[in-house]
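Structure at a glance
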Amino acid sequence: MPIINISVTGKPDAKLSAAIAREATEITATLLRKDPTITAVAVNYIDPQHWFAGGKSLAEHGTNTFWLDIKVVDGANTKLELEAYLKAIFEAFGQLLGGVHEESYAFVHEVPAAAYGYGGKSQEFRFISGRLKAA
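Residues numbered from 1 in each chain as written. Predicted model: local features only at pLDDT ≥ 70, side-chain atom pairs only at ≥ 80, totals over all residues. Heavy atoms only, no water.

In the annotation of an unreviewed UniProt entry, the protein chain is listed under the name 4-oxalocrotonate tautomerase family protein and assigned to Mesorhizobium argentiipisi.

Written out as structure tokens, the structure reads:
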């Protein structure tokens, strides 16, 4: 049930947005074991003249960049899984955007299960409810 917010340099492109959402959802399902049917992705575009790395705009660098921000439940993934995820995301965006600046970022927020949820129910509530049903 993660929410993934992604910003990329460039002009809005529905086809690229769909490819980004598909790739981010697939990598998240594969490497972090998140259900793709309840994964939400929002893609935003920023003109490369308005995104800076090392004091120069990405337009000046002549490259693209991205920022991926995902929220998952604390403790649900190992350090090795997170490491593999960050690597795969960087590689995928390199292919999607045609190469990316080294200062492209992905941030995995691990949040408490009681403070995170969807449909008006926390992940902690869902976990406890599932355990009670299994008992």
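Once the structure has been displayed, the description carries forward.
Looking at the sheet that holds strand E5 (residues 66-73)
Spelled out, the test is: Paired strands, in this sense, are two strands between which DSSP finds at least two bridges. A run of H or I in DSSP counts as a helix once it spans at least four residues, and a run of E counts as a strand once it spans at least two, with each numbered from the N terminus. Think of each axis as a best-fit line through the C-alpha atoms, taken over the contacting stretch in the case of a helix, with angles from 0 to 180 degrees between the N-to-C directions. Working rule for contacts: check all heavy atoms of both residues, and any pair within 4.5 Å makes them a contact.
With mixed pairing, the four strands of this open sheet are ordered in space as E2-E1-E5-E6. If you trace the sheet from one side to the other, it starts and ends with strand E2 (40-46) and strand E6 (105-111), each paired once. Pairwise comparison of adjacent strand axes, ignoring direction, gives a mean angle of 15° for this sheet. Two elements, strand E1 (residues 3-9) and E2, share seven bridges in a ladder whose sense is parallel. Residue pairing for E2: Thr9 is matched across the bridge by Ile46. Those strands touched by helix H1 (residues 14-32) are E1, E2 and E5, and its axis lies near 135° from that of E2.

Concerning the pairing of E1
Look at any regular strand and the pattern is simple: side chains alternate between the two faces of the sheet. Counted only if it meets this: A 1.4 Å probe rolled over the protein chains alone gives each residue an accessible area, and that area as a share of the maximum for its type sets the label: buried under 20%, exposed over 50%, partly exposed in between. Handedness of a crossover is defined as follows: with both strands directed away from the viewer, a clockwise route from the first strand across the helix to the second makes it right-handed.
Burial analysis of E1 places five of its seven residues in the buried class, which makes it a mostly covered element. Remark: the E1/H1/E2 crossover connection has right-handed handedness. Two strands pair when backbone bridges link them, and E1 and E5 are joined in this way by six bridges, in the antiparallel orientation. By the bridge assignment, Ser7 is partnered in E5 with Trp67.

With respect to the packing of aromatic side chains
The condition is simple: In this scheme Phe, Tyr and Trp rings, the latter by its six-membered ring, pair at centre separations within 6.5 Å, and the angle between planes marks the pair as stacked below 30 degrees, edge-to-face above 60, and tilted otherwise.
On inspection of all chains with the given rule, the structure shows four aromatic pairs. With a centroid separation of 4.3 Å and an interplanar angle of 15°, the aromatic rings of Phe66 and Phe93 are classed as stacked. One end of the pair, Phe66, is in strand E5; the other, Phe93, is in helix H3 (residues 79-97), with 27 residues separating them in the sequence. Judged by its relative accessible area of 1%, Phe66 is buried. We classify Phe93 as buried; its relative accessible area is 1%. Note on Trp67 and Phe107: the rings are 6.3 Å apart at their centroids and 40° apart in plane angle, and the pair reads as tilted. Placement of the pair is Trp67 in strand E5 and Phe107 in strand E6, with a sequence separation of 40 residues.

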